[in-house]
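A structural walkthrough
Each chain, written out:
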Amino acid sequence: MNFELTKEQQMIKEMVRDFAEKEIKPHAAEWDETAAFPIETFKKMGELGLLGIPFPEEYGGSGGDTISYAIAVEEIGRACGGTGLSYAAAISLGASPIYYFGTEEQKQKWLVPMAKGETLGAFGLTEPNAGSDAGGTRTRAVLDGDEYVINGEKCWITNAGYARQVIVTAVTGKDENGKNIISAIIVPTDAPGFTINCNYDKMGVRASNTCELVLEDVRVPKENLLGDPKKGFKQFLYTLDGGRISIAALAVGIAQAAFEKALQYSKERMQFGQSISKFQAIQFKLADMAMQIELARNMVYKAAWLKDNNKPFTKEASFAKLFASEMGFQICNQAIQIHGGYGYMKEYEVERHLRDIKLMEIGEGTSEVQRIVIARQLGC
Ligand SMILES: Cc1cc2nc3c(=O)[nH]c(=O)nc-3n(C[C@H](O)[C@H](O)[C@H](O)COP(=O)(O)OP(=O)(O)OC[C@H]3O[C@@H](n4cnc5c(N)ncnc54)[C@H](O)[C@@H]3O)c2cc1C
């Protein structure tokens, strides 16, 4: 593994940082306040090719690697956690499953417009009674002639309100051991009987669109089944492994933003006749923050590199997600501490980073679930 970014990766970093500084960061506080999804910004990101970074050019993508994609997530997350989450979900959850498991026809129909940034997609796995225990899915899809008839409910689905289609997981039958077979089906959001409500009032990542889905006798052609019908569960585990790299990258980006604000503030804030950055207690906090962010970033790059090189990466993706989200939460907390009372005020924006980063310990598998995944990989 090369510890220096390639020329292309460095270029993506500079291009996305420049875009995020100009087009995202100045609006992040307002989007947080109003819970406004930045659809116009997503269109611009699409024009720049950012929504197709990890997909080949033949599918409308930019032909980049997972490291480049992780870098883009970090840079967007550094400017706005909510935009970063929607960006990561659009690629890792909305588009990637179709790239990994779709037929050529499905790729042309659904992936190409997403990779070009013309449409958005979402991934509906979580249900009110099936979160960490995703195998407990209650949504059902029954084959009726050439169509699946789907009934069920999903909750907290990112980007669904702006999506052209949602990949929905549903029980389609039982295997030889009597266990539910879970499949993934591409459901157009304008299908009759498909209701999408986006009224959640969230603690953080408020610029991200989050929706409840209700499916009542929704009919889709059987060609919309994604991948192997019997391997839907395995497919979404693979999808989540990839998604965890992007959630880890997002945690690094948010933590980096909080750290930069704390460092700058510590140099400006005078107490006892000197800047607080001269106090060793503050210096040690900043030193630990810088070190932990660097370590988390390296873990993200390693997991991404393993994925790009077709090596097993389940454990490393969980390592990166767990470490980056937990250290990131601590860093955002310390950034508020370094700001003192000002840090508690919205104006200084570090409190937003803390609210945003909390989601990283929950989404795409909680910290507890990451420890379960790691323990299983250790053979426990
Ligand atoms: C803003 C936001 C966006 C989201 N976007 C999406 C999306 O796009 N698509 C999607 O499908 N889902 C999405 N989710 C759902 C998210 O993935 C789930 O919230 C998450 O997987 C946890 O499930 P749960 O909330 O039901 O918690 P639960 O599973 O009910 O867990 C509650 C607590 O119990 C713990 N726990 C559960 N099981 C175990 C166990 N076996 N051992 C130890 N502890 C355990 C958990 O770690 C947690 O602390 C989103 C959620 C949020 C908040």
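Worth saying up front: this structure is predicted, and the values here are computed from it rather than measured.

Taken together, 16 residues sit near the ligand, with Thr 126, Ser 132, Trp 156, Thr 366 and Glu 368 positioned nearest. In this structure, Thr 366 approaches the ligand through a side-chain N or O atom, which is 2.6 Å from an oxygen atom. Alone, the ligand offers 980 Å² of accessible surface; in the complex the protein occludes 64% of this. Taking a 2 Å distance to the grid points as the criterion, the majority of the atoms of the ligand fall inside the largest pocket. Elements that contribute at least two residues to the shell around the ligand include exactly β3 (147-158) and α11 (367-377). With three residues, β3 is the single largest residue contributor to the shell around the ligand.

Interface extent is often summarised as the accessible area lost during association of the parts. Taken domain by domain, the protein chain consists of domain 1 (7-120), domain 2 (122-229) and domain 3 (234-377). Between the C-alpha centres of domain 1 and domain 3 there is a distance of 20 Å. Contacts between the two partners involve 27 residues from domain 1 and, on the opposite side, 31 residues from domain 3. Carbon and sulfur atoms supply 62% of the area buried between domain 1 and domain 3, which totals about 2300 Å² over both sides. Linking domain 1 with domain 3 are three salt bridges, by the criterion used here. In this structure, Glu 74 and Arg 297 form a salt bridge, with 2.9 Å as the shortest nitrogen-oxygen distance. Applying the counting criterion to the domain 1 and domain 3 interface returns eight residue pairs in polar contact (both at pLDDT 80 or more). Elements that contribute at least two residues to the side of domain 1 that touches domain 3 include exactly α2 (28-34), α4 (66-79) and α5 (81-101).

Let us now look at the state of the cysteines. A full pass over the atoms with the stated rule returns one disulfide. Disulfide pairing places Cys 198 opposite Cys 211 at an S-S distance of 2.2 Å. An S-S torsion of about 90 degrees defines the bridge between Cys 198 and Cys 211 as right-handed. A residue pair is termed long-range when its members are at least 10 positions apart, and Cys 198 in the loop between β6 (194-197) and β7 (210-221) and Cys 211 in strand β7 qualify at 13 residues.

Moving on, we come to the packing of aromatic side chains. Following the criterion strictly, the structure yields 15 aromatic pairs and no others. Relative to Phe 42, the ring of Phe 37 has its centre 5.1 Å away and its plane inclined at 25 degrees; by these criteria the two rings are stacked. Of the two residues, Phe 37 and Phe 42, both sit in the buried class. Joined through ring pairs, the aromatic side chains of Phe 55, Tyr 59, Tyr 99, Tyr 100, Phe 101, Tyr 238 and Phe 313 make up one cluster. The side chain of Lys 358 reaches across the aromatic face of Phe 329, ending 5.2 Å from its centre.

Thresholds, definitions, all that
- Residues numbered from 1 in each chain as written.
- Predicted model: local features only at pLDDT ≥ 70, side-chain atom pairs only at ≥ 80, totals over all residues.
- Heavy atoms only, no water.
- Near = heavy atom within 4 Å.
- Polar contact = N/O pair within 3.5 Å; in protein donor to acceptor, adjacent residues only side chain to side chain.
- Areas by Shrake-Rupley, 256 points an atom, 1.4 Å probe, with all protein chains shown as cover.
- 1 Å grid on protein atoms, 1.4 Å probe; cavity = no way out; pocket = protein on both sides within 12 Å on 5 of 7 lines; lining within 4 Å.
- Sits in = over half its atoms within 2 Å of the grid points.
- Helix = DSSP H or I, 4+ residues; strand = E, 2+ residues; numbered from the N terminus.
- Domains from an automatic or database assignment.
- Contact = heavy atoms within 4.5 Å.
- Buried area = accessible area lost by both parts, 1.4 Å probe.
- Salt bridge = Lys/Arg side-chain N within 4 Å of Asp/Glu carboxyl O.
- Disulfide = S-S within 2.5 Å.
- Phe/Tyr/Trp six-rings, centres within 6.5 Å; stacked < 30°, edge-to-face > 60°.
- Buried < 20%, exposed > 50% of the residue type's maximum accessible area, 1.4 Å probe, protein only.
- Lys NZ or Arg CZ within 6 Å of the ring centre and 35° of its normal.

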